[in-house]
Structure formats: structure tokens, C-alpha cells
Amino acid sequence: MTSSLSAILLCGGKGERLRPLTASLPKPLVSIKGKPILKHILDYLSNSPINHYFIAAGYEAKKIHEYFLIHPPENKEVTIIDSGDADIIERIRSCARSIKGEGFLVLYGDTLSNINIKELLEFHSGHGGRATVTLWPLRSPFGVMDVDDQGRVESYVEKPILDKWINIGFFYFSAELITTLERFEKFEAFLEYLISKQELYAYKHTGMHITVNTQKELSEAEDNIDSLRESHE
């Protein structure tokens, strides 16, 4: 696995569930404790082998350009590509055509996780497939009860971790899949194709994970963002 790496950060969505904060601001620039989500992501990744960030912009792309003019990351190259109002797969394609090397990462621009990139890359190298997705255990937002045949409650667990896993991004795609991307109109169809060909493997992450889709999740991010900084240090 190469010691240098390109990553596509998906930063083009409208973030409608975060209105009015996103009325004129792309979601990755929404602030958590005085610093944009995107900055938190880049700070955590600063010591990773990623040396080139492709920013897949769309909604309010001008604001993304303005941000990087003022806050360019140290010792990293940044290319911003505006693909307009498009499906995720078109955003990835627009960036991937310019990527050189044996593979690349794809990250969500609203997801904060203390994933060990080196371990993720080593996992990908070891399984022999062409694609890896990072999963995280599903946590129920509700209290869960087990009930016997007579209707008697036998157990109760508040917001348990379930025996299911959710996609949190941090994909790694081998470079030969760049041409395969051109065949699909939806990212979901591309992933289903990889599964049908037994090419997609899952790297399971059980550490910190924060997704910012709603005002409630933004508040939770405010409470937990320091753990991302501490894991980076």
C-alpha cells in the first residue's frame, strides 16, 4: 500500500435537515465549537498518509473555495471540483478522473470518526478485493425490552448496541474501479454491483463516530468533539 494517498471528501449536499444553518452555507462548514466540521476532519487526518484532498463540492461551492483560500491545510494539496447538483457517484467520478495511484479514499464531509487510516489500508491490502467500506455498530435510539409468551417483560436495555452495522463511509477503492464507476448512475447501484461480484469488504470500526445531519446531532457533536481531538493527539 502506498505511503501517500488521495482522498475524496464529499462536501456537496444541501444539508436541508440543518436549516437554517445551511440556508447559505454548505454543511461541512457548519461550526462545532467554533470550528467547521470540515476543519475537524482535516485536523484529524493531518497525520495520515493522505497527501491530496479532492473536495467534491456542489451546494454553495463558492464558500468552500473561499474557505480554502483562507485556511489551506499544511503540507497537503487540495483540489476543489464543483459537480453541481448531482448524485454522489457523479461527485466521486468528477474527482476520481484526476486521481493517480493504486487507490483512493472516499469520505463523507459530515462524518467525524477516529478511524485508524493505516489499519484500514492494511485491512484492504489483506482481503484481496477491490473495495472496502467502513462500518460502525448500530445503536438504537430507543430503550429495548424482551417479552416472554405471556407478555411479561424479561429485560430492558436503554439504547443498546444492536447486532447490525451501518455504513459510515471511509471507503477505499482500488484504482481500477475508476472506469467501473462510469457504468452506474447511482452510488447505491455501484455498491450493489461490488457486492454481487464479492469485491466489497467491511472494515469494522468500534471507536468514536459522529454524523451531523440534524440540530440534535449537532448538539451531540458539540458534547463529544473533544474526544476526536484527544484521539488525534
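Residues numbered from 1 in each chain as written. Predicted model: local features only at pLDDT ≥ 70, side-chain atom pairs only at ≥ 80, totals over all residues. Heavy atoms only, no water.

### Details of the packing of aromatic side chains
Logical step 1: All chains considered together, the criterion is met by eleven aromatic pairs.
Logical step 2: Aromatic pair F173 and F187: ring centres 6.4 Å apart, planes at 85°, arrangement edge-to-face. Here F173, found in strand β12 (residues 171-174), pairs with F187, found in helix α6 (residues 187-196); they are 14 residues apart in sequence, far enough to count as distant.
Logical step 3: Here F173 falls in the buried class, since its relative accessible area comes to 1%.
Logical step 4: An aromatic cluster is defined as three or more aromatic residues linked by ring pairs; in this entry it consists of F104, Y108, F171, F173, F184, F187, F190 and Y193. (Phe/Tyr/Trp six-rings, centres within 6.5 Å; stacked < 30°, edge-to-face > 60°. Helix = DSSP H or I, 4+ residues; strand = E, 2+ residues; numbered from the N terminus. Buried < 20%, exposed > 50% of the residue type's maximum accessible area, 1.4 Å probe, protein only.)

### Concerning the confidence of the model for the protein chain
Logical step 1: Residue-level pLDDT values for the protein chain average 89, and 97% of them are 70 or greater.
Logical step 2: Within the protein chain, helix α7 (residues 215-232) has the poorest average pLDDT of any element, 77, and strand β13 (residues 200-204) the best, 97. (pLDDT = per-residue confidence, 0-100.)

### Topic: helix α1 (residues 37-45)
Logical step 1: Most of α1 sits out of view: seven of its nine residues are buried.
Logical step 2: Among the residues of α1, those classed as buried are I37, L38, H40, I41, L42, Y44 and L45.

### With respect to the pattern of salt bridges
Logical step 1: A complete count under the given rule lists 13 salt bridges for this structure.
Logical step 2: Here K35 ties to D43 by a salt bridge, and the two come within 2.8 Å at their closest N and O atoms.
Logical step 3: On the accessibility criterion, D43 (23% relative accessible area) is partly exposed.
Logical step 4: For E182, the salt bridge goes to R93, with nearest N and O atoms at 3.9 Å. One end of the pair, E182, is in the loop between α5 (177-181) and α6; the other, R93, is in helix α3 (residues 88-96), and 89 residues separate them in sequence.
Logical step 5: With relative accessibility at 39%, the residue E182 sits in the partly exposed group. (Salt bridge = Lys/Arg side-chain N within 4 Å of Asp/Glu carboxyl O.)

### Examining the state of the cysteines
Here a disulfide denotes a covalent bond joining the sulfur atom of one cysteine to the sulfur atom of another.
Logical step 1: Under the defined criterion, the tally for this structure stands at zero disulfides.
Logical step 2: With no disulfide of its own, C11 has C95 as its nearest cysteine by sulfur position, at a separation of 9.3 Å.
Logical step 3: Judged by relative accessible area, which is 0%, C95 ranks as buried. (Disulfide = S-S within 2.5 Å.)

### Notes on the side chain of S48
Logical step 1: Checked against the element boundaries, S48 lands in the loop between α1 and β4 (50-57).
Logical step 2: Note on S48: relative accessible area 14%, which makes it buried.
Logical step 3: In terms of polar contacts, S48 uses its side chain to reach the backbone carbonyl oxygen of L45, at 2.7 Å. (Polar contact = N/O pair within 3.5 Å; in protein donor to acceptor, adjacent residues only side chain to side chain.)

### Quick word on the nonpolar core
The nonpolar side chains of a soluble globular protein tend to be buried, and buried together.
Logical step 1: L9, L105 and L112 are the most contacted members of the largest nonpolar core, which has 42 residues in total.
Logical step 2: For this core, the secondary-structure elements that each account for two or more residues are β1 (5-11), α1, β4, α2 (61-70), β6 (103-108), α4 (117-127) and α7.
Logical step 3: Here the element with the most residues in this core is α1; it accounts for six residues.
Logical step 4: Not counting chain neighbours up to four residues away, the residues in contact with L112 comprise I32, I37, H40, I41, M208, H209, I210, I225 and L228.
Logical step 5: One finds A56, I81, I89 and V133 within the second-largest nonpolar core, a separate group that totals 27 residues. (Core = buried A, V, L, I, M, F, W, Y, C linked by side-chain atoms within 4.5 Å. Contact = heavy atoms within 4.5 Å.)

### Description of unusual backbone geometry
Logical step 1: The backbone phi angle of E60 is positive, close to 50°, even though this residue is not glycine.
Logical step 2: You can call E60 partly exposed: its relative accessible area is 28%.

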